[in-house]
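Below, each chain spelled out in residue letters.
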Amino acid sequence: MRFRNSRLRTKIIALLLSLAALWVFAAWVTLREGVNLLWVSQLDNAVVSPSEPLLVELQRERRLSIIQLGDGTFRSRKDLEAQRKQADRAIATFEEAASSSVVDWATDDDGAKRVTDVFRRLDTLKTTRQAVDAGRMNRVQATDAYADVIDSIYRLYGSVATLDDKIVAKDIRTLLALSRAREVLAREDALLAGALAEGRLTAAEHTQFAETVGAWRILAEQAAAELPDSEKAAYDKLAASTTFNRLRELETRLVEQDASMESVPFGADQWKTASERALADFNALVLSAGDRLVDRAVPVAVGVVVRLLLAGGLGLIAVIASIVLSITTARTLLAQLQKLRDAAHELSNERLPRLVERIGHGEEVDLAREAPSLDFGDDEIGQVGQAFNTMQRTAVSVAAEQAELRRSIRDILLSLARRTQGLVHRQLTVLDVMERRETDPEELKELFRLDHLAIRMRRNAENLIVLSGSSPARTWRRSVPMVDVVRGALAEVEDYTRVTLMPMGDVVLLGRAVGDVVHLLAELIENAVSFSPPYTTVEVRGQLVANGYVVEIEDRGLGMKPEDLVAANERIADPPEFRITGTARLGLYVVSRLAGRHGIQVVLKSSPYGGTTVVALLPQQLVQLGDQPEEGDEPTRLPRRKAVATATRPAASTTVRRLTVAPPRRSAEQAPERERVLPEPRRARPEPAPAPEYTPSGLPLRVPQANLAPALRDEAPAARPNPEEDDDERSPEEIRAMMGSLQSGTNLGRTEAAKIMDGLKGEQPGGDT
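Rules and cut-offs
- Every chain is numbered independently, its residues counted from 1 as its sequence is written.
- This being a predicted model, a pLDDT of at least 70 is required before a residue's local features are given, and a value of 80 or more before pairs of side-chain atoms are given or counted; all residues contribute to the totals for chains, interfaces and linings.
- Side-chain numbers here rest on the full set of heavy atoms in the structure, without hydrogens or water.
- The convention used is that axes are lines fitted to C-alpha atoms, helices contributing only their stretch in contact, and that angles between N-to-C directions extend from 0 to 180 degrees.
- Under the scheme used here, helices are H or I runs from DSSP no shorter than 4 residues and strands are E runs no shorter than 2 residues, and both carry numbers assigned from the N terminus.
- Our angle categories are set so that under 35 degrees counts as roughly parallel, over 145 as roughly antiparallel, 65 to 115 as roughly perpendicular, and the remainder as oblique.
- Here a crossing is taken to be left-handed if its near helix is turned anticlockwise relative to the far helix by less than a right angle, and right-handed if that turn runs clockwise.
- Charged residues are taken to be Asp, Glu, Lys and Arg, nonpolar residues to be Ala, Val, Leu, Ile, Met, Phe, Trp, Tyr, Cys and Pro, and polar residues to be all remaining types, Gly included.
- Being paired, for any two strands, means DSSP has found at least two bridges between them.
- Should any heavy atoms of two residues lie within 4.5 Å, those residues are counted as being in contact.
- Residue burial is assigned from relative accessible area. The probe radius is 1.4 Å, only protein chains are included, and a residue is buried under 20% of its type maximum, exposed over 50%, and partly exposed in between.
- N or O atoms closer than or at 3.5 Å make up a polar contact, with two conditions inside protein: a donor-capable atom paired with an acceptor-capable one, and, for residues adjacent in sequence, both atoms drawn from side chains.

Undergrad: Would you mind going over the packing of helix H13 (residues 380-437) against helix H14 (residues 441-467) with me for this structure?
TA: Two measures define how a pair of helices packs: the angle their axes make with one another and the distance between the axes. Contact geometry of H13 with H14 gives a least axis separation of 9 Å together with a crossing angle of 160 degrees. As judged from the angle between their axes, H13 and H14 are roughly antiparallel. At the point where H13 passes H14, the crossing takes the left-handed sense. Residues belonging to the contact of H13 with H14 are distributed by class as follows: 17 nonpolar, three polar and five charged.

Here it is, written out as structure tokens:
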């Protein structure tokens with residue numbers, strides 16, 4: 001499975017290696033025959049050729065040794081000594097040739113053992129000779145002792161006949177069998193020559209003689225049956241000759257004679273003439289057959305050499321040509337594939353994304369010029385290139401359709417958002433009118449709740465506008481204090497009572513960024529409130545830094561995993577293209593779009609309290625100190641409405657006083673707590689208001705009629721009557737004065753609020769949509 005997934009170059013190299021391995025195998029099979037022929041030739045020169053004279057000399061020494069054991073005359077002793085010297089010279093020549101390094105290379109382990117066995121048997125000749133000279137062994141024992149040495153040489157011949165050609169190897173084994181039959185015949189001659197020299201044949205020697213006669217005849221007949229036709233005819237001629245007939249006649253006479261007679265029915269001269277002539281003719285047959293076998297083996301050797309040349313030389317040439325052809329073909333193939341790969345990568349990684357992006361932006365593109373067809377010829381790779389061209393055209397067409405679909409979806413989102421925004425604006429207008437007319441505190445409280453929900457609906461509509469790629473219509477021409485910007489963001493958060501607003505510093509935000517910053521902070525604050533337990537608080541703080549203004553939003557929730565923080569920061573820093581399927585974290589997408597519009601850096605990190613801290617860095621171009629307003633005007637304060645609950649503690653001042661309100665209906669125009677500067681009435685100084693009570697998060701609790709207009713407060717009685725007391729104690733004049741004061745104060749407040757609203761609407765050309 002791993003090789004299937006490997007590279008093309010690796011597969012080609014593996015194919016070439018397989019081809020080379022196949023050639024090596026074929027060459028070795030042929031070369032092995034040549035090497036075998038070479039080793040057989042070396043063994044014939046180093047072992048077989050020197051051993052043939054050795055066999056003859058050992059056979060002669062054996063015959064004379066047995067004769068010496070028979071008569072013990074001086075003449076036989078002298079002939080034996082001369083023969084032993086000749087045998088020693090033949091042994092020395094054989095040992096010198098068989099001990100060469102060529103024999104070690106040419107023989108295997110079995111052949112080496114047989115050569116060693118021949119050397120060991122030859123070393124026993126000294127002991128055998130001493131025993132013969134001392135008369136410690138009889139003729140049968142001497143015959144067996146010399147037979148052991150000669151048999152080891154014949155076993156060595158068996159390891160030489162290892163040619164791969166079956167016919168030649170068979171003929172060699174057949175000739176070895178004939179030579180072995182001649183050796184048995186020579187053993188028979190030696191045994192009987194000793195008996196004739198002594199003049200008697202013991203029963204044991206008679207038995208051994210009979211066994212030897214049967215052995216050589218059987219060996220000769222079996223070997224002759226395996227001879228080729230030409231050699232078989234020569235053997236049959238030899239077997240039917242007068243010499244062999246005379247030998248068989250003498251053997252038959254002696255075998256048929258009673259063994260107890262211990263005599264030989266013929267003379268020594270008769271046996272010597274018949275045996276020597278038979279052995280000579282037999283040896284001539286074997287040698288001539290060997291010469292003819294060599295002649296037949298020459299074509300076999302030539303065939304081995306020819307096959308070696310064909311398999312080795314021509315095969316090597318074919319392998320080299322295949323390698324060269326494979327390399328050139330592989331280079332061409334790889335070059336075409338690399339060209340196709342590079343073109344595919346360029347299209348998929350560069351041209352096609354740019355083309356899709358341009359199509360997504362609504363540009364008209366020339367597909368033939370931007371994504372031209374690739375030309376790779378008409379071969380198989382060219383067909384792959386044509387298929388790739390078809391895929392390319394299909395991909396571009398699908399990309400164009402997808403881009404058109406996304407544009408349509410964005411237009412739909414933008415249309416729905418604009419319509420929703422218009423409806424929310426009308427709803428806020430209606431709520432504003434109702435709030436102005438309503439005097440019941442409980443009803444005002446419910447109306448302000450509806451006002452707050454409408455503001456959140458407006459933010460959701462603006463989210464759709466941001467997702468569609470457009471900008472919300474809310475804009476400001478003048479700077480706004482940062483504290484009012486944060487309060488405007490709090491006004492768009494549902495659970496704003498859990499938010500603790502820390503000091504923000506005397507800093508103003510440029511009007512062109514107010515709407516987006518309010519929206520961005522509202523998203524971050526609502527995310528912190530939503531993902532933290534309801535009994536915890538969320539702190540919002542801000543301060544000037546070297547690179548701008550930092551707003552920190554810290555919750556006390558469960559926090560995020562490190563990999564989730566990294567993913568969220570990457571999503572904010574580099575927002576992906578908006579897709580319908582990616583609805584898991586739309587808030588982060590909106591934040592990233594709003595932050596990217598003004599160069600704001602938003603980073604999420606772990607909080608020491610276990611939650612998450614969001615750091616929003618506003619660049620220096622968007623903020624100014626409070627004493628340096630934009631265009632020489634005082635910073636614009638976000639408008640405020642009548643409060644449902646009182647806010648922070650009133651500031652100490654002799655000329656102005658601060659009125660704070662609870663969450664209003666408009667995020668960028670009004671905040672949960674906003675300040676309004678009102679002129680101090682010329683009436684008597686009002687009594688200090690009682691200290692308000694606060695929620696755990698720091699927001700004030702509403703105290704009914706705690707912030708009455710000064711006129712109403714002055715005209716009101718010093719102490720409220722006990723509700724349980726009888727109202728009949730008040731005179732009609734007092735009741736009329738109280739109602740008149742209430743009506744005049746209400747009218748005055750509405751008139752001043754309407755003037756402030758008209759002035760702010762004149763400063764916002766876009767207005768609320």
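Following the structure, the description resumes.
Undergrad: What is the right way to read the sheet that holds strand E3 (residues 507-509) from this model?
TA: In sheet architecture, strand pairing relies on hydrogen bonds along the backbone and comes in two forms, parallel and antiparallel. Taking strand neighbours across the sheet as the criterion, the three strands line up as E1-E3-E8 in an open arrangement whose pairing is antiparallel. If you trace the sheet from one side to the other, it starts and ends with strand E1 (480-481) and strand E8 (623-625), each paired once. Strand direction decides the pairing type here: E3 and E8, joined by three bridges, are antiparallel. Bridge pairing in E8 links Val-507 to Leu-625.

Undergrad: Explain the sheet that holds strand E4 (residues 538-545) to me, please; I cannot follow it from the model alone.
TA: Ordered in space as E2-E4-E5-E7-E6, the five strands form an open sheet in which the pairing is mixed. On the outer flanks of this sheet lie strand E2 (499-501) and strand E6 (601-606), each paired with one strand and no other. Averaged over neighbouring strand pairs, the angle between their axes works out to 20 degrees when direction is ignored. Sheet analysis places E2 next to E4, joined by three bridges and oriented parallel. Across the sheet, the residue bridging to Thr-500 is Glu-539, located in E4. Contacts between helix H15 (residues 482-490) and the sheet are confined to E2, E4, strand E5 (548-554) and strand E7 (612-619), with E2 contributing the most and set at about 175 degrees to the helix. Across the sheet, helix H16 (residues 514-530) touches E2, E4, E5, E6 and E7, and the angle it forms with E5 is around 25 degrees.

Undergrad: When you look at the packing of H15 against H16 in this model, what are you seeing that I'm missing?
TA: Put simply, H15 and H16 touch, their axes get as near as 8 Å, and they point 50 degrees apart. The angle between H15 and H16 places the two elements in the oblique class. Once H15 is placed against H16, the crossing between them reads as right-handed. Counted together, Val-485, Val-486, Gly-488, Ala-489 and Leu-490 of H15 and Val-514, Val-517, Val-518, Leu-521, Ala-522 and Ile-525 of H16 form the full contact between these two elements.

Undergrad: Could you clarify how one ought to interpret H15 in this entry?
TA: Judged by how many residues are buried, H15 sits mostly within the fold: eight of nine residues are covered. Within the span of H15, buried status applies to Met-482, Asp-484, Val-485, Val-486, Arg-487, Gly-488, Ala-489 and Leu-490.

Undergrad: Please explain the environment of Arg-129 as it appears in this structure.
TA: Looking at the secondary structure, you find Arg-129 in helix H5 (residues 125-134). Leave out the neighbours within four places in its chain, and Arg-129 touches Glu-61, Arg-84, Ala-87, Asp-88 and Tyr-146. Looking at Arg-129, its side chain comes within polar contact range of the side chain of Glu-61, at 2.6 Å.

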